[in-house]
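Chains, contacts and geometry: an overview
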Amino acid sequence: MSAGAAPGGALVLFTRDLRVRDHAALASAVREHDRVLAAFVLDRELLSGSCGAPNRLAFLIDCLEDLERSLAERGTHLVVRRGDVVQETMRLVEEHRLVAIHMSDDPTPYARSRHARLARACAGARVALRAHPGITVVAPGALTPAGGDHYRVFTPYWRAWSGLPRGPLLRAPHRIAGPSVLGAGTIPCAAALNPAAPSPQLQRGGENAGREQLGRWLRGGLERYEERHDALPEQGTSRLSAYLHFGCLSPRSVLERARTHGGAGSAAFARQLCWRDFHHQVLAARPQLPSVDYRPRGDRWRRSTRQADAWRAGQTGYPIVDAGMRQLTAEGFMHNRARLIVASFLTKTMYQDWRLGAAHFASLLIDADVADNVGNWQWVAGTGNDTRPNRVLNPLRQAKRFDPHGDYVRRYVPELAGVGGAAVHEPWRLGSAQRRGLGYPEPIVEHEAAARAARAPRG
Ligand SMILES: Cc1cc2nc3c(=O)[nH]c(=O)nc-3n(C[C@H](O)[C@H](O)[C@H](O)COP(=O)(O)OP(=O)(O)OC[C@H]3O[C@@H](n4cnc5c(N)ncnc54)[C@H](O)[C@@H]3O)c2cc1C
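Residues numbered from 1 in each chain as written. Predicted model: local features only at pLDDT ≥ 70, side-chain atom pairs only at ≥ 80, totals over all residues. Heavy atoms only, no water.

**Overview of unusual backbone geometry**
- One non-glycine residue with positive phi stands out, namely R126, at about 55 degrees.
- Considering the arrangement of structural elements, one finds R126 in the loop between α5 (109–125) and β5 (128–132).
- Of the residues examined, R126 reaches a relative accessible area of 78% and is grouped as exposed.
- Its identity as a non-glycine residue notwithstanding, Y351 has a phi of 55 degrees, on the positive side. (Helix = DSSP H or I, 4+ residues; strand = E, 2+ residues; numbered from the N terminus. Buried < 20%, exposed > 50% of the residue type's maximum accessible area, 1.4 Å probe, protein only.)

See below:
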């Protein structure tokens, strides 16, 4: 506690900000209070939805264990509770006679309703509730265009965002004086929360793993980001999305380190971080975005269980689409270019509802994030912020451009591993005997005809 700090302890409620560095809520609590209790609630409501999906749980548990180690080095522990987040938080406040709760502000609809419920409980208990920035670089709502409550188009947002001055990063507290937390509550293993197995090749979670990944990225990837970020077979992107989603890294610190590093890739990379903020500010202004078209266009989506199932399983007969979908299953991750291709295939070629695709992504992606997921799905489907809503990606042209030698496809579609070079993108051109031997499906639709039919006006 610094000189002049208020007596009485505070609770820092961690949510998806699982770090000790550049953490405004933690830094303020330590500065302003003589005792700080760090807590995380395994929220029953979130765990029953896609947040309880095995990949995200496995990553989350890594994050909590890492956070506990960081807190232990600073003299305290992470108290972990399970149940209703408001009840469990208020119980801790009461048990430890705390006077304030500090947490990160979060624009998702669920986080806002959680905050409103906590605010009511705090008002009744005479406890101060403080929300701090930290989920994005620029807080949603901090930038607005003249006459609007949010930016609808990215480029003007990017210009305004790039010009904002940024405050200094916050150091991790050296020492955290906490109340005695006997019975802190152990961190369960992921399987105890959801027995379903996670994807076989998951990234490891936590602030320290995130810092290592960031270090590797700055040393070996950022420089060539602009030219390589769309190349499917390469490790040309940062793989930081899950660390950003769970708040293992503060987005401000990632931006700062990328800028300090400089080089040609730095601006292109900053632009992607800005896209993240952009979608968050749209969601904050339009909380119905996860279910309602941002720009309705009267779509009457087709419903084909057969096509949707084939898409999910990576069995559409389009190797580039199937490779993306199988990367998702194997790693809980998919390259951004592949996300664009598979999403366009679902919504523009097969003309299936984007909500179906967003739900499948949410069930498997470690980085699944309401704002980024539905913002991007709507963008691709033409119902969102794309200024060219009629754009349709041709899977074959995309494949030849972004996986010119077919290496990405061969990596994820073992049936095609023996087909050399770019021929792997068009198995339908192989001789019929060879095709039969592959055990790979025929194309489920013919792209051009299907996409044309989807665009045709219906009476
Ligand atoms: C249909 C679809 C769904 C998506 N769903 C998600 C999602 O649920 N969560 C998610 O984090 N990203 C999502 N994205 C955006 C993007 O695909 C991922 O952020 C990116 O692939 C993560 O890999 P990376 O960390 O290596 O990215 P990099 O290329 O290294 O980018 C750096 C960071 O910038 C941010 N970023 C990059 N592209 C975008 C973008 N288009 N929109 C918003 N932020 C971006 C991410 O935080 C990313 O980690 C989606 C894209 C599409 C097309």
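**Describing the site of the ligand**
- In the region of the ligand, 28 residues are neighbours, and Y225, T237, S238, R239 and N336 sit closest.
- Of all elements in the fold, only α10 (241–245), α12 (264–285), α15 (336–349) and α17 (370–381) reach the threshold of two or more residues within the shell around the ligand.
- The residue inventory of the shell around the ligand, partitioned by class, reads 14 nonpolar, eight polar and six charged.
- Residue assignment places the shell around the ligand across two domains, with domain 2 (136–166 + 209–285) and domain 3 (305–455) each supplying three or more. (Near = heavy atom within 4 Å. Nonpolar A, V, L, I, M, F, W, Y, C, P; charged D, E, K, R; others polar. Domains from an automatic or database assignment.)

**Examining the domain arrangement of the chain**
- When its domains are assigned, the chain resolves into domain 1 (9–135), domain 2 (136–166 + 209–285) and domain 3 (305–455).
- Distance from the C-alpha centre of domain 1 to the C-alpha centre of domain 2: 25 Å.
- Taken together, the contacts link 16 residues of domain 1 with 18 residues of domain 2.
- Close ionic contact of R252 with D22 constitutes a salt bridge, the shortest N to O distance being 2.7 Å.
- Where domain 1 meets domain 2, there are nine residue pairs in polar contact (both at pLDDT 80 or more).
- Secondary structure elements with two or more residues in the side of domain 1 that touches domain 2: α3 (54–73) and α5.
- Of the residues forming the side of domain 1 that touches domain 2, the biggest block, four residues, is contributed by α3. (Contact = heavy atoms within 4.5 Å. Salt bridge = Lys/Arg side-chain N within 4 Å of Asp/Glu carboxyl O. Polar contact = N/O pair within 3.5 Å; in protein donor to acceptor, adjacent residues only side chain to side chain.)

**Things to note about the state of the cysteines**
- For the coordinates displayed, the defined rule picks out zero disulfides.
- Of all cysteine sulfurs in the structure, the one in C63 sits closest to C189, which takes part in no disulfide; the separation is 16 Å.
- For C189, a relative accessible area of 47% gives the class partly exposed. (Disulfide = S-S within 2.5 Å.)

**Things to note about the packing of aromatic side chains**
- This model, assessed by the stated rule, comprises 20 aromatic pairs.
- Ring geometry for F154 versus W275: centroids 3.9 Å apart, planes at 5 degrees, classification stacked. Taken together, the residues span a long stretch of sequence, with F154 in helix α6 (residues 154–162) and W275 in helix α12 at a distance of 121 residues.
- Exposure remark for F154: the relative accessible area of 4% places this residue in the buried category.
- Taken together, the ring pairs in this structure connect Y151, F154, Y157, W158, W161, W275, F278 and W379 into an aromatic cluster.
- Note that R166 overlies the ring of W161, its terminal NZ or CZ placed 4.8 Å from the centroid. (Phe/Tyr/Trp six-rings, centres within 6.5 Å; stacked < 30°, edge-to-face > 60°. Lys NZ or Arg CZ within 6 Å of the ring centre and 35° of its normal.)

**Digging into the sheet that holds strand β1 (residues 9–14)**
- If you walk across this open sheet you meet the five strands as β3-β2-β1-β4-β5, and the pairing is parallel. Single-partner strands in this sheet number two, and they are β3 (78–83) and β5. Each neighbouring strand pair of the sheet contributes to a mean axis angle of 30 degrees, computed without reference to strand direction.
- Sitting on the sheet, helix α4 (residues 85–95) touches β1, β2 (36–43), β3 and β4 (98–104), and the angle it makes with β3 is about 135 degrees. (Pairing = 2+ DSSP bridges. Axes fitted to C-alpha atoms, helices over the stretch in contact; angles between N-to-C directions.)

**As for the nonpolar core**
- Counting residues in hydrophobic clusters, the biggest one holds 112 residues, and the most contacted among them are W161 and W311.
- In terms of residue count, the dominant contributor to this core is α3 (nine residues).
- Within the second largest apolar cluster, 17 residues are counted, among which are L11, L37, V79 and L92. (Core = buried A, V, L, I, M, F, W, Y, C linked by side-chain atoms within 4.5 Å.)

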